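Understanding the architecture of this molecule
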Amino acid sequence: MSTYAKELEIAQLAVQRASILTKRVFHEKAKGTVSKDDKSPVTIGDFGAQALIISALKANFPEDEIVAEEEAASLRTNEALRQTIWDLVKTTQLSDPSAESALGGEIADEDAMLTMIDHGNSKGGASGRIWAIDPIDGTLGFLRGGQYAVCLALIVDGQVQVGVLGCPNLPVDDTAPLTGSVGEEGGSGVLFSAVLGQGASSRPLTTGGLAEQKTIAMRPLSDMSAATFCESVEAGHSAHGDQAEIAKKLGITNPSVRLDSQAKYASIARGAGDIYLRLPVKATYQEKIWDHAAGDLIVREAGGAVTDIQGKTLDFSVGRTLANNKGVIAAPASVHSKVLAAVQEVWNNKK
Ligand SMILES: Nc1ncnc2c1ncn2[C@@H]1O[C@H](COP(=O)(O)OS(=O)(=O)O)[C@@H](OP(=O)(O)O)[C@H]1O
Ligand SMILES: [Mg+2]
Ligand SMILES: [Mg+2]
Ligand SMILES: [Mg+2]
């Protein structure tokens, strides 16, 4: 058995099951959106997906630590919201019984569900096995009917070893035109994964067991002017103006593709786009590890290089945030230094 085979299998099934829950929320239910302290939204889909993923991890790897985005405090005082989430969680299963049983069976009751959600409160750090979970990345995209991702990564002694991204609104076809919107061609979703040193792969998301996988790779980029770059939809999350300036410097003529979430990492990893730029808007913002861990590994294993705007690799060993990094540049390894040079020119001119 190859290294981390069990972790990869469980992580993919857990993300697949959580993705089903998020789709149900989108199609069947009011989203139950509440505002967090930082004014960002969280929905019943975020809470439910986090509970299901943590329950699968606790059943299989009880000793591991977990860093997850959401916490249950607001659910302890909001009975209606808690019950809606519980109704969803207890009725979301994989249709393949052996896949479902690999995830350890059902959560016992509402209280156990809250406890599961709060198991995601680890401080993170440089030693041991730590899972990073973003139950819905791109919650704004999810609410809009755009792209979002269910994200799970295993970090061991500060290094990302396993990364899985469920992108329920991406087309299965790698060559479909890359857009931020989910049009009629918008597919039934893709599950991406990577293990350090073992390459990256994708498979269609299903409602049961894992579908057949294929290897993915970044697109060879011989001519920078033909590159497509991705960026956040939200102008508050990354600096669109600076990014446009960088693209221009690089001779990129295609307009940027704006899509929410780590679907950006996944899209460039499978050659549907080429470069992902995330330049800071606020100097004080610290990126969260769950927003990057899985995507960073998937891109690197597909032939890419990922650094921050100073050229440092992303450091997942310093807690819940990437406190040692500012911004993100993800590009094919062969052109990364060229992209970094353009970023630094624009960035240094601003000072
Ligand atoms: N100020 C600021 N700067 C940078 N990043 C921020 C900021 N505020 C929030 N966030 C995080 O952005 C996550 C959404 O990812 P994206 O920026 O790729 O999505 S989007 O295109 O803007 O919707 C989003 O993840 P989710 O909360 O999981 O949706 C946030 O963790
Ligand atoms: Mg959020
Ligand atoms: Mg996120
Ligand atoms: Mg999130």
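Please refer to the structure placed before this passage.
What this report covers is the structure whose coordinates are included nearby.

Conventions used here
- Residues numbered from 1 in each chain as written.
- Chains lettered and ligands numbered in written order.
- Predicted model: local features only at pLDDT ≥ 70, side-chain atom pairs only at ≥ 80, totals over all residues.
- Heavy atoms only, no water.
- Salt bridge = Lys/Arg side-chain N within 4 Å of Asp/Glu carboxyl O.
- Helix = DSSP H or I, 4+ residues; strand = E, 2+ residues; numbered from the N terminus.
- Buried < 20%, exposed > 50% of the residue type's maximum accessible area, 1.4 Å probe, protein only.
- Donors = N, O, S within 2.8 Å, 3.2 Å for Na, K, Ca; no water.
- Core = buried A, V, L, I, M, F, W, Y, C linked by side-chain atoms within 4.5 Å.
- Contact = heavy atoms within 4.5 Å.

A look at the pattern of salt bridges
Taken as a whole, this structure holds 18 salt bridges when the rule is applied. Note that Asp64 and Arg129 form a salt bridge whose closest N and O atoms lie 2.8 Å from each other. Here Asp64 is found in the loop between α2 (44-60) and β3 (65-68), whereas its partner Arg129 is found in strand β4 (residues 129-137), with 65 residues between them in sequence. Judged by its relative accessible area of 9%, Asp64 falls in the buried class. Look at Arg129 and you get partly exposed, because its relative accessible area is 24%. Here Arg76 makes a salt bridge to Asp118, at a shortest N to O gap of 2.7 Å. Of this pair, Arg76 sits in helix α3 (residues 73-77) while Asp118 sits in helix α6 (residues 110-118), placing them 42 residues apart in sequence. Judged by relative accessible area, Arg76 falls into the partly exposed class, the value being 42%. Residue Asp118 is classed as partly exposed on the basis of its relative accessible area of 22%. When salt bridges with common partners are traced through the structure, they connect Glu7, Asp64 and Arg129 into a single cluster.

A look at the coordination of the magnesium ion (ligand 4)
Around the magnesium ion (ligand 4), the protein contributes the donor atoms Glu69 (OE), Asp134 (OD) and Ile136 (O), which lie 2.0 to 2.2 Å from the metal centre. Relative accessible area serves as the criterion here: at 23%, Glu69 is assigned to the partly exposed category.

Here's the deal with the nonpolar core
With 53 residues, the main nonpolar core has Val89 and Met113 as its most contacted residues. Take this core: its biggest share by element is 10 residues, from helix α1 (residues 5-28). What Val89 contacts, discounting residues up to four positions off in sequence, is Leu21, Gly48, Ala51, Leu52, Ile107 and Met113. Leu165, Trp290, Ile298 and Val299 belong to the second-largest nonpolar core, a separate cluster that totals 42 residues.

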